[in-house]
Amino acid sequence: MSVNEWPPLAYDEWKDTLHAIHMWTQIVGKIRLASTPLLNHWWNSSLAVTPRGLTTGTMPSAADAFQIDLDFVGHELTIVTSRGGRIAFPLRSVSVAQFHREVFDSLKRLGLAAPEISLVPSEVAVAVPFTEDVAVRPYDRDQARRLATILLRTDLVFERFRAGFLGKASPVQFFWGSFDLAAARFSGRRAPAYTGGKPPNVHIHVMHEAYSHELISAGFWPGSADVPRAEYYAYAMPALDGLAKVAIEPDAAEWNVARGEFLLPYEAVRSSPDPEAALMAFLVSTYEAAADLAGWDRALLEDRVACACDPVPFAKAARSRRLRAG
């Protein structure tokens, strides 16, 4: 598979592998959540995209530090420590209970204090505790590699989109509960008290913290049994009257009334002549529509301060790249 390819991701063909990876990321993500101090909007709990899959990034453990990586190219989980320790085991068709046991056994062998985590999966309707989920879950290497490729291609576009915003913005981050890659921009104003619903097996405080400030968010989600297709989404919180009537790009994007957000099928992006441009158009047009309706100070949040430097280093480099590309 070319690294430049946007591969197909048919939900029915990989739903079993999706379930396995979802539970694996929940275990790894809960370790990160338990090991790190709270960062606004639960940003400390999320995973980050790597060229090969997902990572926790650096986490403290007493006088040590460690990192856990899910590698969907080499198909292994690795744990490394600041003292030079390293353990890896293969990603394969196993039960969630066995995966949980192997992760925590590896932490013990590395001399790391294993954090206490909730054994109940978050944001899933049927929440079998990890240690009791003993059915073997299929792991299709090709489908896992496809997911890694899509996350990487999406992450790169999201990072370019994030670079155009000067206000408070989240990292591009993978949330293991909802199993989506997301990025949010903030107006700088507090939001009204959150009064909406919550996902299953999630304390309402999680939602209060997540939506404490006005935001416009976008993300990628691989689908579910109820919505069996991969999608990009964008929404504003709090919800905005009139947002559903705004024209956005590309043509394949539309407003979903039931979910209160814009949706763009992944298939429409990957099959377009320029997937990066199609996705960027979706991100930009949905953000601009919501920011204008909400009365955000876009000049403050987007316009770089004028500088007498000539040439501006990053601007010169960008011009050179455009000329080479042309």
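My aim in this report is to walk through the structure given alongside it, one point at a time. Since the structure is predicted, the reported quantities are computational estimates derived from the model, not experimental observations. (Residues numbered from 1 in each chain as written. Predicted model: local features only at pLDDT ≥ 70, side-chain atom pairs only at ≥ 80, totals over all residues. Heavy atoms only, no water.)

### Some points on the packing of helix H1 (residues 11-35) against helix H2 (residues 96-109)
Consideration 1: Relative orientation of the contacting elements H1 and H2 amounts to 30 degrees, with a least axis distance of 10 Å. Judged on the interaxial angle alone, H2 and H1 are roughly parallel. As H1 packs across H2, the resulting crossing turns out to be right-handed. In this structure, H1 uses Met23, Trp24, Ile27, Val28 and Ile31 to contact H2, whose residues at the interface are Val96, Phe99, His100, Val103, Phe104 and Leu107.
Consideration 2: Per-class residue counts for the contact of H1 with H2 are ten nonpolar, one polar and no charged. (Axes fitted to C-alpha atoms, helices over the stretch in contact; angles between N-to-C directions. Helix = DSSP H or I, 4+ residues; strand = E, 2+ residues; numbered from the N terminus. Parallel < 35°, antiparallel > 145°, perpendicular 65-115°, else oblique. Left-handed = near helix turned anticlockwise from the far one by under 90°. Contact = heavy atoms within 4.5 Å. Nonpolar A, V, L, I, M, F, W, Y, C, P; charged D, E, K, R; others polar.)

### Comments concerning the sheet that holds strand S9 (residues 173-175)
Consideration 1: On the basis of which strands lie adjacent, the open sheet formed by six strands has the order S9-S10-S11-S12-S14-S13 and antiparallel pairing. Looking at which strands have only one partner, the edges of the open sheet turn out to be S9 and strand S13 (254-256). Pairwise comparison of adjacent strand axes, ignoring direction, gives a mean angle of 30 degrees for this sheet.
Consideration 2: Sheet topology note: the strand S12 (residues 231-237)/strand S14 (residues 261-265) ladder contains four bridges and is antiparallel. Paired with Ala234 across the two strands is Phe262, which belongs to S14.
Consideration 3: Sheet contacts for helix H3 (residues 141-163): S9, strand S10 (180-190), strand S11 (213-221) and S12; angle to S10, the most-contacted strand, approximately 20 degrees. (Pairing = 2+ DSSP bridges.)

### Structural notes on the pairing of strand S5 (residues 76-81)
Consideration 1: Relative to S5, strand S4 (residues 64-71) runs antiparallel, the two sharing six bridges. Bridged to Gln67 within S5 is Val80.
Consideration 2: Hairpin geometry of S4 and S5 is characterised by an intervening segment of four residues between the two adjacent antiparallel strands and by a positive phi of about 60 degrees at His75.
Consideration 3: The sheet contact formed by S5 and strand S6 (residues 86-90) spans five bridges and is antiparallel. In the strand pairing of S6, Thr78 is matched with Ala88.
Consideration 4: Where S5 folds back on S6, the antiparallel hairpin that results is connected by four residues, among which Gly84 adopts a positive phi of roughly 95 degrees.

### Concerning the environment of Leu33
Consideration 1: Along the polypeptide, Leu33 turns up in helix H1.
Consideration 2: It is 22 Å that separates the C-alpha atoms of Leu33 and Leu215, two residues lying 182 residues apart in sequence.
Consideration 3: For Leu33, the residues in contact, after removing those within four places along its chain, are Trp42, Asn44, Ser45 and Trp176.

### Some thoughts on H1
Consideration 1: Most pronounced at Thr17, the bend in H1 amounts to some 40 degrees.
Consideration 2: Counting buried residues along H1, 18 of its 25 residues qualify, which places the element largely inside the surrounding structure. (Bend = angle between axes of the 7 residues up to and from the residue. Buried < 20%, exposed > 50% of the residue type's maximum accessible area, 1.4 Å probe, protein only.)

### Re the side chain of His100
Consideration 1: Checked against the element boundaries, His100 lands in helix H2.
Consideration 2: Judged by its relative accessible area of 11%, His100 is buried.
Consideration 3: Once residues within four sequence positions are removed from consideration, His100 is found in contact with Ile27, Ile117, Leu119, Phe130 and Thr131.

### Notes on the pattern of salt bridges
Consideration 1: Per the counting criterion, the structure on display carries 15 salt bridges.
Consideration 2: Residue Asp142 is joined to Arg146 by a salt bridge in which the shortest nitrogen-to-oxygen separation is 3.0 Å. Taken together, the residues Asp142 and Arg146, both in helix H3 and four residues apart, mark about one turn of the helix.
Consideration 3: Salt bridges here are not isolated pairs; linked through shared partners, they connect Arg229, Glu231, Arg259 and Glu261. (Salt bridge = Lys/Arg side-chain N within 4 Å of Asp/Glu carboxyl O.)

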